[in-house]
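What the coordinates show
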Protein chains: 4
Amino acid sequence: MAIAEICLFPLGTDSPSVGKHLKPVIEVIERSGLKYELCPMGTVVEGSIDEILNLVKKCYDAILESGVARVVISLRIDERTDKKLTIEGKVKF
Amino acid sequence: MAIAEICLFPLGTDSPSVGKHLKPVIEVIERSGLKYELCPMGTVVEGSIDEILNLVKKCYDAILESGVARVVISLRIDERTDKKLTIEGKVKF
Amino acid sequence: MAIAEICLFPLGTDSPSVGKHLKPVIEVIERSGLKYELCPMGTVVEGSIDEILNLVKKCYDAILESGVARVVISLRIDERTDKKLTIEGKVKF
Amino acid sequence: MAIAEICLFPLGTDSPSVGKHLKPVIEVIERSGLKYELCPMGTVVEGSIDEILNLVKKCYDAILESGVARVVISLRIDERTDKKLTIEGKVKF
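Notes on the structure follow. (Residues numbered from 1 in each chain as written. Chains lettered and ligands numbered in written order. Predicted model: local features only at pLDDT ≥ 70, side-chain atom pairs only at ≥ 80, totals over all residues. Heavy atoms only, no water.)

A few points about the relation of the copies chain C and chain A
Quick reminder of the rule: Superposing the copies works by least squares over the C-alpha atoms of residues that have pLDDT at least 70 in both of them. We call two residues in contact when some of their heavy atoms are within 4.5 Å.
Mapping chain C onto chain A calls for a screw motion: a turn of 180° about the axis and a shift of 0.0 Å along it, with 0.0 Å RMSD after fitting. Considering both components of the superposition, the chain copies are consistent with a two-fold axis. Taking C-alpha positions as reference, the residue of chain C nearest the rotation axis is Leu 75 of chain C, located at 2.5 Å. Both copies contact each other with a shared surface, as 100% of the interface residues of chain C are interface residues in chain A too.

Thoughts on the relation of the copies chain C and chain B
Of the two same-sequence chains, chain C is brought onto chain B (RMSD 0.0 Å, axial shift 0.0 Å) by a rotation of 180°. Comparing interface residues between copies, 100% of those in chain C also lie at the interface in chain B; the contact surface is shared.

Remarks on the interface of chain C and chain B
This is how it is decided: Throughout, buried area stands for the accessible area (probe radius 1.4 Å) lost by two parts on being put together, summed over both. Note on conventions: DSSP H or I runs of at least 4 residues are helices, E runs of at least 2 residues are strands, and numbering of each starts at the N terminus. Any residue outside Ala, Val, Leu, Ile, Met, Phe, Trp, Tyr, Cys, Pro, Asp, Glu, Lys and Arg is labelled polar, Gly included; the first ten of those are nonpolar and the last four are charged.
Contact residues are listed per partner, giving 13 residues for chain C and 13 residues for chain B. Here chain C meets chain B over a buried area of about 960 Å², counting both sides, of which 70% is carbon and sulfur. Those elements that place two or more of their residues in the side of chain C that touches chain B are strand 1 (2–11) and strand 4 (70–80) of chain C. A per-element tally of the side of chain C that touches chain B places strand 1 of chain C first, with 3 residues. Counted by class, the side of chain C that touches chain B contains 7 nonpolar, 4 polar and 2 charged residues.

Observations regarding the packing of helix 2 (residues 49–65) of chain A against helix 2 (residues 49–65) of chain C
Short version of the rule: An axis is simply a line fitted to the C-alpha atoms; with a helix, the fit covers only the stretch in contact. Between two such axes, the angle follows the N-to-C directions and lies from 0 to 180 degrees. Orientation categories follow fixed angle ranges, with anything under 35 degrees roughly parallel, anything over 145 roughly antiparallel, 65 to 115 roughly perpendicular, and all other angles oblique. Here is the rule for handedness: rotate from the far helix to the near one, and if that takes an anticlockwise turn smaller than a right angle the crossing is left-handed, while a clockwise turn gives right-handed.
Where helix 2 of chain A contacts helix 2 of chain C, the axes come no closer than 11 Å and their chain directions differ by 160°. The pairing of helix 2 of chain A with helix 2 of chain C is recorded here as roughly antiparallel in orientation. Crossing angle aside, the handedness with which helix 2 of chain A passes helix 2 of chain C is right-handed. Only Ile 49, Asp 50, Leu 53, Val 56, Lys 57 and Tyr 60 of chain C of helix 2 of chain C make contact with helix 2 of chain A, whose side of the interface consists of Ile 49, Asp 50, Leu 53, Val 56, Lys 57 and Tyr 60 of chain A.

Observations concerning the interface of chain C and chain A
The extent of an interface is frequently quoted as the accessible surface area lost upon association of the parts. How we decide: We count a salt bridge whenever a side-chain nitrogen from Lys or Arg sits within 4 Å of a carboxyl oxygen from Asp or Glu. Pairs of N or O atoms are called polar contacts if they sit within 3.5 Å, as long as, within protein, a hydrogen donor faces a hydrogen acceptor (for residues adjacent in sequence, only side-chain-to-side-chain pairs).
Counting from both sides, the interface comprises 24 residues of chain C and, opposite them, 24 residues of chain A. Between chain C and chain A, the buried area comes to about 2,000 Å², and carbon and sulfur atoms account for 57% of it. Ionic pairing is found between Asp 78 of chain C and Arg 70 of chain A, a salt bridge with its closest N-O pair at 2.6 Å. Applying the counting rule to chain C against chain A returns 11 residue pairs in polar contact (both at pLDDT 80 or more).

Structural notes on the packing of aromatic side chains
What counts is decided by this rule: Note on aromatic pairs: the rings of Phe, Tyr and Trp (six-membered ring only in Trp) are paired at centre separations within 6.5 Å, and the planes decide the class, stacked below 30 degrees, edge-to-face beyond 60, tilted for the rest. Relative accessible area decides the class of each residue, using a 1.4 Å probe on protein chains only: under 20% of the type maximum gives buried, over 50% gives exposed, and in between gives partly exposed.
Summed over all chains, the structure comprises 2 aromatic pairs over all chains. Note on Phe 9 of chain A and Phe 9 of chain D: the rings are 5.8 Å apart at their centroids and 10° apart in plane angle, and the pair reads as stacked. Here Phe 9 of chain D lies in strand 1 (residues 2–11) and Phe 9 of chain A lies in strand 1 (residues 2–11), a pairing that spans two chains. Residue classification places Phe 9 of chain D among the buried residues on the basis of a relative accessible area of 9%.

Describing the pattern of salt bridges
One pass over the structure, following the stated rule, counts 29 salt bridges over all chains. Note that Asp 78 of chain D and Lys 90 of chain D form a salt bridge whose closest N and O atoms lie 2.5 Å from each other. Placement of the pair is Asp 78 of chain D in strand 4 (residues 70–80) and Lys 90 of chain D in the segment after strand 4, with a sequence separation of 12 residues. Take Asp 78 of chain D: its relative accessible area is 2%, and that puts it in the buried class. Salt bridges here are not isolated pairs; linked through shared partners, they connect Glu 5 and Arg 76 of chain A together with Glu 5 and Arg 76 of chain B.

Focus: the pairing of strand 3 (residues 42–47) of chain C
Strand residues, when the strand is regular, have side chains that alternate between the two faces of the sheet. All names here are of chain C. Just so we agree on the cut-off: A pair of strands is considered paired only if DSSP assigns at least 2 bridges between the two.
Burial within strand 3 is extensive, with 6 of its 6 residues counted as buried. Going residue by residue along strand 3, you find Gly 42, Val 44 and Glu 46 tucked away on one face and Thr 43, Val 45 and Gly 47 tucked away on the opposite face as well. Bridging between strand 1 and strand 3 involves 5 bridges; their strand directions are antiparallel. The partner of Glu 5 across the bridge, within strand 3, is Val 44.

Considering the environment of Ala 62 of chain D
Residue and element names in this part refer to chain D. Counting through the fold element by element, Ala 62 comes out in helix 2 (residues 49–65). In this structure Ala 62 comes out as buried when scored by relative accessible area, which is 10%. Not counting chain neighbours up to four residues away, the residues in contact with Ala 62 comprise Pro 24, Val 25 and Val 28.

Structure below.
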């Protein structure tokens, strides 16, 4: 099980407020059935590497379909084989 | 006011569990007085660019003092001049 | 055609020098047949979203097989539909 | 001596081609006197943590002065205390 953070930056939109382009992406994440958490700088999901990469592909499709000509995606995945990672466990110190 | 996410990856530690090296960093963020939120993939802070960059410097000092020989920091800052960004506002869609 | 940067950080290795864990990853990228460039902070590849995500999966498998217990991958993809992106074009201003 | 990669994403510009907003940033990096390399997904610089963070501040000022209302900066710094990092050394495996 890995934890990933997905951030999308639509470029060349008419307004610096990009929420309307991100809404369809969040719906895709919601529909994926994966456990997720909306964070201020990105959305965090819990899943296998395959589940995460499949989801990234769907997020891409959704944002391009929303009419964005250019998008930068920033993805960070944390995976370990010796212990189970969870969204909750990652904020305990 | 900008929103930033700070993530630190200590390399070459004896264990894949790196929490003990991150604790002093979180204390530094706590002591900074800046508004912050611990997220699963990094810590989010709210402040001016100067406040954020000063805090990054202090986080670096703290993690190197904890005995780590190598560290990768990943920092993402979102700044806009037309509207106030807040940690709460960033998760509303 | 998208341009992506792939960075891998193995955690909990015995030494802060992690090159030996990255070598099998670079061989995977080399064998992919995708155009790529080794850069100081990551490897840049040119391909479709599907090709890039498939490659990321293979990089993961390679680094975990190298004996690393934990790995953080940082991936950034730039995709635009109105114009062809190339590795060379991205450094022209 | 640390190695850093600086990437800037201007949001809400009229065009998905953002090069004109990045030009003044590259001039700032050029004038800094720090060793640097333009890479397809960001600009890599070599310097102390203080030099890098000061440069980031100047890059911010330059891009905001270019008339961008919102900018996301992505910064990754690699620092180690046991060995000198260099831009050239980072692409040798």
